[in-house]
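If you want the building blocks of each chain, they are given just below.
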Amino acid sequence: MSHVSQAPVTTPDGEPAPPAPTAYSQVKGWFSGYDQVLFDWFLTRRTGGEEQPGDLLELGAFMGKSAIFLGGYLREGEEFTVCDLFDSPAPDDSNLAEMQDSYSTLTRRGFETNYLAFREALPTVIQAPTSVVADRVRPASCRFVHIDASHLYEHVVQDIASSRVVAAPGAVVVFDDYRSEHCPGVAAAVWGAVATGELHLICVSASKLYATWDDPAPYQAELLTWLEGRRDLWHGVDLVAGQSLIRIGDEGAVPPAPPQPLRPAPEGAAPAPAGHQPGPRPRAGVAWRKLAKDLLPPVVTRAIVAWRRRRRG
C-alpha cells in the first residue's frame, strides 16, 4: 500500500487547493449506482471461499470518483495505482485536442484533494501517459483493472495490451465508454480484442464492459446465480463473436453505502454544491410503456411486453 504524505495540497504559487468535498456526491465524475453494485460484486468475490489476491489499477482518474470508491477495497499488503496525465502535456496532438475539449479542468491537485478527503493516504500516482503502465506496474500483479483513459483508438489498443501484461490470473478488466457515441475508438479497440478471441467477455452494463484474459465461465456462473436473486437488476444472455455475454440493466439498484469523508462538514454548515454528475438517463422501459398505453390497443401492448420479456431472457 502507498505511504504518501498527506501534506496540504497547494497550487504551484502556494495558494490553497480547492476546498475538499464533504460528501461523495460532491466529487465530479460519472459512475452509475448500478456499476458501483457490479464493482462491489467483482471486488468482493471469493474463489473457493478465498479472496482473489492482487493489486488494483485505474487508468484515467478524472477527479477521483471511481478511484475513491476503489480505494475502499484495498486489502492489507495490496497496492492501488492510478495513472493519468492530469495537467501534464499530452504526448501527441490528438490527445492534446481530447484533453482540451473534455478534461480542461483536470488537475492532479484536484484529484489528490478529493481522494484525501475520503482515504488516509494517496494511491501510487503515475502522472504520465498510460503507455508507461506496463513498465511501471509489476507484471501479473493486478486483480482488478479499470480503464477509463484516452478515448483514441491507438491509445485504447495500448491500454488493452498493458492490462494484459499487468493482469494477475483471473483478473477482471473493466472498460468504460465501450459503446458511447462520442467514443468510437474505444468500441473499435475493445470489440477488436474480443473478436480475435484474446479478451473474454463476462458482462456489460450500459456504460462498462467487464472482461478477463482468462476463463470467464466461473465468473458468469456465479454472476448469473447472484442476478437471479435480484429484482433491481434485469439480465439476459447473448452470444457475441462466439462468446457468451451477460447483459445487465438497472431496475433501481441501490449502490453500496458511499465512501464517507474523513472530515465531515461542521454541524450547521451549508452543504457544498454537488459536483457535476451526468443527468439521469430516461428509462427506456418506462417511456415506451407509457407511449404504448396511450396510443396502442391493449392486445398490441401485451404482445410487445411479452416480446421484450423473451428478449431479456
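The structure presented is a predicted model; accordingly, all values stated were derived computationally and were not measured. (Residues numbered from 1 in each chain as written. Predicted model: local features only at pLDDT ≥ 70, side-chain atom pairs only at ≥ 80, totals over all residues. Heavy atoms only, no water.)

1. Quick notes on the overall build of the chain
For clarity, the cut-off: Strands here are runs of E lasting at least two residues and helices are runs of H or I lasting at least four, both read from the DSSP assignment and numbered beginning at the N terminus. For each residue, the accessible area found with a 1.4 Å probe, counting protein chains only, is set against the maximum for its type, and the residue is called buried under 20%, exposed over 50%, and partly exposed in between.
If you tally the helices and strands in the chain, you get ten helices and eleven strands. Scored against the burial criterion, the 313 residues of the chain give a buried share of 46%.

2. Describing the environment of Ala253
For clarity, the cut-off: In this description, contact between two residues means that some pair of their heavy atoms is separated by no more than 4.5 Å.
Inspection of the secondary structure assignment puts Ala253 in the loop between strand S11 (243-250) and helix H9 (284-295). On the basis of relative accessibility, which here comes to 11%, the residue Ala253 falls in the buried class. Separated by 217 residues in the primary sequence, Ala253 and Gln36 place their C-alpha atoms 9.5 Å from one another. For Ala253, the contacting residues outside a window of four places in its chain are Tyr34, Val37, Asp232 and Leu233.

3. A look at the nonpolar core
To be explicit about the condition: Here, nonpolar core means buried Ala, Val, Leu, Ile, Met, Phe, Trp, Tyr and Cys residues that are tied together by side-chain atoms lying within 4.5 Å of each other.
In this structure, Phe39, Phe42, Phe144, Leu223 and Ile248 are the most contacted members of the largest nonpolar core, which totals 41 residues. For this core, the secondary-structure elements that each account for two or more residues are helix H1 (33-44), helix H2 (65-71), strand S4 (80-84), helix H4 (108-116), strand S7 (167-176), strand S8 (200-204), helix H8 (217-228) and S11. Examining the composition of this core, we find that seven residues originate from one element, H1, more than from any other. Here Leu223 is in contact with Trp41, Phe42, Ile202, Cys203, Ile246 and Ile248, once residues within four sequence places are set aside. Membership of the second largest hydrophobic core comes to 32 residues, among which are Leu59, Ala128, Cys142 and Ile147.

4. Some remarks on empty space enclosed by the protein
Here is the rule: The rule is simple: put a 1 Å grid over the protein atoms alone, call a set of points where a 1.4 Å probe fits but cannot get out a cavity, call an open set with protein on both sides within 12 Å along at least five of seven lines a pocket, and count a residue as lining if it has an atom within 4 Å of a point. Grid points are joined across faces, edges and corners, and a volume is the space filled by probe spheres set on the points. Each residue gets one of three labels, nonpolar for Ala, Val, Leu, Ile, Met, Phe, Trp, Tyr, Cys and Pro, charged for Asp, Glu, Lys and Arg, and polar for the others, Gly among them.
On inspection of all chains with the given rule, the structure shows two cavities of 30 Å³ or more. One number sums up the size of the largest cavity: a volume of about 60 Å³. Along its surface, the largest cavity is lined by Ile147, Asp148, Ala149, Ser150, His151, Val156, Asp159, Phe175, Asp176 and Val186. Looking at the lining of the largest cavity, the elements with two or more residues in it are helix H6 (153-166) and S7. Taken together, the residues that form the lining of the largest cavity break down as five nonpolar, two polar and three charged. Put simply, the second largest cavity is a space of about 50 Å³. Looking at the second largest cavity, the residues that line it are Phe42, Leu43, Arg45, Gln52, Arg143, Phe144, Val172 and Tyr219. Among the elements of the structure, H1 and strand S6 (142-147) are those that each provide at least two residues to the lining of the second largest cavity.

5. Let's talk about H4
Among the nine residues in H4, seven count as buried, and that is most of the element. Considered for burial, the residues of H4 that qualify are Gly110, Phe111, Glu112, Thr113, Asn114, Tyr115 and Leu116.

6. What to know about the pairing of S7
Cut-off, in case you're wondering: Paired strands, as defined in this entry, are two strands with at least two bridges between them according to DSSP. Orient the strands so they point away from the viewer; a crossover is then right-handed if the path from the first strand over the helix to the second runs clockwise.
Among the ten residues that make up S7, nine are buried, leaving the element largely enclosed by the rest of the structure. Pairing of S6 with S7 involves five bridges; the strand directions are parallel. Looking across to S7, one finds that Val145 is bridged to Val173. Between S6 and its parallel partner S7, the chain crosses via H6, and the hand of that crossover is right-handed. Note that S7 and strand S9 (residues 208-212) share five bridges and pair antiparallel. Directly across from Val172, in S9, lies its bridge partner Thr212.

7. Side note on H8
The condition is simple: To estimate the expected span of a helix, count its residues, drop one, and scale the result by 1.5 Å. Think of the arc as the fan of directions from the helix axis to the C-beta atoms.
An ideal rise of 1.5 Å per residue puts 16 Å on twelve residues; H8 measures up with 17 Å between its terminal C-alpha atoms. Listed in full, the buried residues belonging to H8 are Tyr219, Gln220, Leu223 and Leu227. Buried residues in H8, looked at end-on, bunch into an arc of 90°, giving them a common side. Counted as exposed and oriented over 90 degrees from the buried face of H8: Thr225 and Glu228. Tucked into the core, H8 has its buried residues touching H1, S7, S8, strand S10 (233-240) and S11.

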